[in-house]
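So the chains spell out like this:
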Amino acid sequence: MDQKVMDRRRDARDREVEKALYARREKIYPREVHGLFAYLRITAVVVLLGIFYGLPWLDWNGQQSVLLDMPNRKFHLFGLTLWPQDFLYLAFLLIIAAFSLFFFTALAGRLWCGYACPQTVWTEVFLWMEQWVEGDRNKRMKLDREPMSWHKFRIKATKQFLWLTFSAFTGFTFVSYFSPQDELFQRLMSLQLGPWESFWMFFYGLATYGNAGYLREQVCKYMCPYARFQSAMFDKDTLIISYDAKRGEPRGPRKRSANPRELGLGDCIDCTMCVQVCPTGIDIRDGLQYECIGCAACIDICDEVMEKMGYPKGLIRYTTQNAIEGKQTHLIRPRMIVYGLLLLGMMVALGYAVATRNPIGLDVLRDRNSLFREVGAGLIENVYTLKVMNMDDRPHEYRVTAEGLPELQVLTDRPTFTVRSGEVVEVPVRLRVPEDALGSRRADVTFILQSVDAPELQTSEESRFLGPMP
Amino acid sequence: MQVFDEVKEIPRAQRIISALWIAFFNAAVATAVFFALIDPMELEPCIPHFPQASRIGAYTIGFLLFWLLTAATSLFTITFLYPGKRS
Ligand code: SF4
Ligand code: SF4
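All values reported here derive from a predicted model rather than from experimental measurement. (Residues numbered from 1 in each chain as written. Chains lettered and ligands numbered in written order. Predicted model: local features only at pLDDT ≥ 70, side-chain atom pairs only at ≥ 80, totals over all residues. Heavy atoms only, no water.)

1. A word on the overall build of chain A
What counts is decided by this rule: Elements are defined by DSSP. Helices are runs of H or I of four residues or more, strands are runs of E of two residues or more, and each kind is numbered from the N terminus. Relative accessibility under 20% of the residue-type maximum defines a buried residue, over 50% an exposed one, and the middle range a partly exposed one, all with a 1.4 Å probe and only protein chains included. What makes two residues a contact is simply this: any of their non-hydrogen atoms within 4.5 Å. Surface accessibility follows the Shrake-Rupley procedure with a 1.4 Å probe radius. Residue values consider only the protein chains on display as shielding. Counting rule for charge: Lys and Arg are taken as positive, Asp and Glu as negative, and neither His nor the chain ends is counted. Every charge is mapped to an atom, namely NZ of Lys, CZ of Arg, CG of Asp or CD of Glu.
A count of helices and strands for chain A gives 18 helices and 16 strands. Dimensions of chain A, computed from C-alpha atoms along their principal axes, come out at roughly 115 × 60 × 40 Å. By residue count, 44% of the 470 residues in chain A fall in the buried class. Intrachain contacts of chain A at a sequence separation of at least 6 include 67% that bridge at least 24 residues. Accessible area of chain A: about 25,800 Å², with a carbon and sulfur share of 61%. For chain A, the distance from the average position of its 57 positive side-chain charges to the average position of its 55 negative side-chain charges is 10 Å.

2. Thoughts on a negative patch on the surface
As a reminder of what qualifies: Residues form patches when they are more than 30% accessible in relative terms and have no salt bridge. Like charges link within 9 Å. Nonpolar side chains (Val, Leu, Ile, Met, Phe, Trp, Tyr) link within 5 Å. For this analysis, a salt bridge means a side-chain nitrogen from Lys or Arg found within 4 Å of a carboxyl oxygen belonging to Asp or Glu.
The grouping of Glu374(A), Glu407(A), Glu435(A) and Asp436(A) at the surface amounts to a negative patch. With respect to the helices and strands, Glu407(A) occurs in the loop between strand S11 (396-403) and strand S12 (409-411).

3. Side note on empty space enclosed by the protein
Residues and elements named next belong to chain A. Applied cut-off: Using a grid of 1 Å spacing that covers the protein atoms alone, one calls a set of points a cavity when a 1.4 Å probe fits there but cannot get out, and a pocket when the set is open and has protein on both sides within 12 Å along at least five of seven lines; lining residues are those with an atom within 4 Å of a point. Grid points are joined across faces, edges and corners, and a volume is the space filled by probe spheres set on the points. Each residue is assigned to one of three groups, with Ala, Val, Leu, Ile, Met, Phe, Trp, Tyr, Cys and Pro labelled nonpolar, Asp, Glu, Lys and Arg labelled charged, and all others, Gly among them, labelled polar.
Taken as a whole and assessed by the stated rule, the structure comprises 4 cavities of 30 Å³ or more. In this structure, the largest cavity encloses a volume near 140 Å³. Surrounding the largest cavity, 16 residues form its lining, Arg110, Phe234, Leu288, Cys292 and Gly294 being those nearest its centre. The greatest single-element share of the lining of the largest cavity, amounting to 3 residues, is contributed by strand S6 (residues 239-243). Classifying every residue of the lining of the largest cavity by side-chain character gives 11 nonpolar, 4 polar and 1 charged.

4. Describing the pattern of salt bridges
Residues and elements named next belong to chain A. All chains considered together, the criterion is met by 24 salt bridges over all chains. With a shortest N-O distance of 3.5 Å, Glu124 and Arg41 are connected by a salt bridge. One end of the pair, Glu124, is in helix H5 (residues 118-134); the other, Arg41, is in helix H2 (residues 36-54), with 83 residues separating them in the sequence. Grouping residues by exposure puts Glu124 and Arg41 together as buried. A salt bridge links Lys327 to Glu325; the nearest nitrogen and oxygen atoms lie 2.9 Å apart.

5. Some thoughts on the nonpolar core
One broad trend across soluble globular proteins is that nonpolar side chains are buried collectively. All names here are of chain A. Test applied: By nonpolar core we mean a set of buried residues, namely Ala, Val, Leu, Ile, Met, Phe, Trp, Tyr and Cys, connected to one another through side-chain atoms within 4.5 Å.
If you look at the biggest cluster of nonpolar residues, it comprises 33 residues, and the most contacted ones within it are Ile241, Ile284, Cys298 and Ile316. When residues of this core are assigned to their parent elements, the largest contribution, 8 residues, is made by helix H15 (residues 297-309). Those residues in contact with Ile241 that sit more than four places away from it in its chain are Ile284, Leu288, Gly294, Cys295, Ala296, Cys298, Ile299, Ile316, Arg317 and Tyr318. Ranked by size, the runner-up nonpolar core spans 27 residues in total, among them Ile380, Tyr398, Val419 and Leu438.

6. Concerning unusual backbone geometry
All names here are of chain A. Omega for the peptide link from Glu249 to Pro250 comes to -10°, which places this bond in the cis form. Within the chain, Ala296 stands out as a residue other than glycine whose phi angle is a positive 70°. Mapped onto the secondary structure, Ala296 falls in the loop between helix H14 (273-277) and H15.

7. Side note on the domain arrangement of chain A
All names here are of chain A. So the rule is basically this: Domain start and stop positions are those given by an automatic or database domain assignment. Buried surface area refers to the total accessible area, computed with a probe of radius 1.4 Å, that the two partners give up upon joining, counted for both partners together.
Per the domain assignment, the segments of chain A are domain 1 (22-357) and domain 2 (360-466). Counting residues at the interface gives 7 residues for domain 1 and 7 residues for domain 2. Here domain 1 packs against domain 2, burying approximately 480 Å² in sum over the two surfaces, 56% of which is carbon and sulfur. Three residues, Thr81, Trp83 and Gln85, lead the burial of domain 1 against domain 2; their summed loss comes to 73% of the area buried on that side. Grouping the constituent residues of the side of domain 1 that touches domain 2 by class yields 1 nonpolar, 3 polar and 3 charged.

8. Some thoughts on the site of ligand 1
Residues and elements named next belong to chain A. Formally: Here a residue is near a molecule or strand as soon as one of its heavy atoms is found within 4 Å of it.
Taken together, Tyr243, Cys268, Ile269, Asp270, Cys271, Thr272, Met273, Cys274, Arg285, Cys302, Met306 and Ile316 make up the full set of residues near ligand 1. Looking at the shell around ligand 1, the elements that each hand over two or more residues are H14 and H15. Across the shell around ligand 1, the residue classes tally to 9 nonpolar, 1 polar and 2 charged.

9. With respect to the packing of helix H1 (residues 12-37) of chain B against helix H3 (residues 55-80) of chain B
Residues and elements named next belong to chain B. Applicable threshold: Axis definition: a line fitted to C-alpha atoms, limited for helices to the stretch in contact. Angles are taken between N-to-C directions and run from 0 to 180 degrees. Here the word oblique covers every angle except those under 35 degrees (roughly parallel), over 145 (roughly antiparallel) and from 65 to 115 (roughly perpendicular). Crossings are classed by handedness, with left-handed meaning an anticlockwise turn of the near helix from the far one by less than a right angle and right-handed meaning a clockwise turn.
Across the interface, H1 lies against H3 with an axial gap of 7 Å and an inter-helix angle of 140°. Judged by the angle between their axes, H1 and H3 are oblique. In this structure, H1 meets H3 at a crossing whose hand is right-handed. Tallied by class, the residues present in the contact of H1 with H3 amount to 18 nonpolar, 5 polar and 1 charged.

10. Structural notes on the sheet that holds strand S4 (residues 74-77) of chain A
Residues and elements named next belong to chain A. Under the convention used in this document: Should DSSP find at least two bridges between two strands, the strands are regarded as paired.
The 3 strands lie next to each other as S3-S4-S5, forming an open sheet whose pairing is antiparallel. In this open sheet, the two edge strands, each paired with only one partner strand, are strand S3 (66-69) and strand S5 (80-82). Averaged over neighbouring strand pairs, the angle between their axes works out to 15° when direction is ignored. Across 3 bridges, the pairing between S4 and S5 is antiparallel. Paired with Leu77 across the two strands is Leu80, which belongs to S5.

11. Topic: the pairing of strand S15 (residues 442-451) of chain A
Residue and element names in this part refer to chain A. Within S15, 7 of the 10 residues are buried, which leaves the element mostly enclosed by the surrounding structure. Summarising the sheet, S15 and strand S16 (residues 458-466) pair through 9 bridges and their orientation is antiparallel. Within S16, the residue paired with Asp444 across the bridge is Arg464. Hairpin geometry of S15 and S16 is characterised by an intervening segment of 6 residues between the two adjacent antiparallel strands.

Below you can see the structure in the form of structure tokens.
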């Protein structure tokens, strides 16, 4: 690019930055919208928040269905109990979540932002409360301009009361994912919360209140890492929300009965409804902007306007860069295939790992002090310590056997032993073999651990048996 | 498309908030990994004057320490990106 053009562009951008910085942040009063996408978002909000607030109250086999029991270092997920040793599953789950995000972003842009992000979801609920108490956009703006009065104070106080109660409940729900909900509730009611629980409740409640009540679109603009990375996942076939400038321009007001073509106008009546509904306060007609969270509120409202005018819908719509440029949109493209395959592969791998997860663990440690002992009658003895781990969610009784050598004897003080859920028990075991059966200086032996009460629970571990030079 | 693509154009308060927030995020990950590998109850005998706290307490302190560290790193970085005031 030629130097002058670049300079000019930089100057233009600098001016824009200056404007953005020196203009105080104007409070945005999004107008309420109805329509297909608003309906979808409400559904998403209800479902997601329903899950969030409901799960801690749901029991599964007499156990809180999802409990990341940090005090006892175990996670309960719908009957599956995971221990710190299973950390890898969790990491895997997070990677899968990240890849799904890449996948859906490449496919349909900021779907996540518009419908599922906690920031959007909670902001939406806070906005509902605001609308319910303070009224629609014009009433809210008027109220904020008014000087403080008893009337205004009462309205604001009601809103604050709703917001704070809701935030407090959110904080409580958050902590009940980490500390059993029923006990927590009792402690809360009898005002006997521990300091740490109170801290996290307060912290999360405050974060909800601040983010959903006040920061709102600024979180998306300035704090969200995803908003910054998303452009790397976009391509010309990604679904974006876009204003059809070819059809809309030149914009301008006109009578409903007028024929815009005769007036030399496009389909945009310049009613600025799309700007008024925008939660981030941008004008979609200026083109794709990084502030746009893809909430589709402007689509809904503009469709409504088009309908009233008797024009076809879709002046603002979900489309792709290629479609705007009049080219073909490719849904299936190398990027999608790669993301999709990776995602599928990881999900299968995780599913397999969880399905075949063995809830017992066995570690064999050879006694370090002596290689072997001759215990008379031509017998050689090796000493081991077995570490037996029970990662199931109930106790089990176990028995240890060994194989790999003829006439192998297993001696232990505890022929069977019980390991409680989540516990590790050390069991000393001695193996004896007649010297002539051993035949060499070293041989491999296999320890087999089996549960007495649930024989399908079994695992084995190799170790060595050492003897004298033959 | 990006208006603020040079760090110096971002107002101070916003820079600090983003540093704290990203640090928060990383601290959360670090805490999860650290305490998945190490049970704070096992640390107790190793560290003299280890505070008598519950596990949740230990996690919280661990998290806050991690956050302090990550936040300090990012805050120093954004501070030292500028040698001095541009007049
Ligand atoms: S809502 Fe539609 S018609 Fe109204 S200004 Fe926006 S694009 Fe134009
Ligand atoms: S421009 Fe439209 S889709 Fe984007 S944030 Fe604003 S209202 Fe939502």
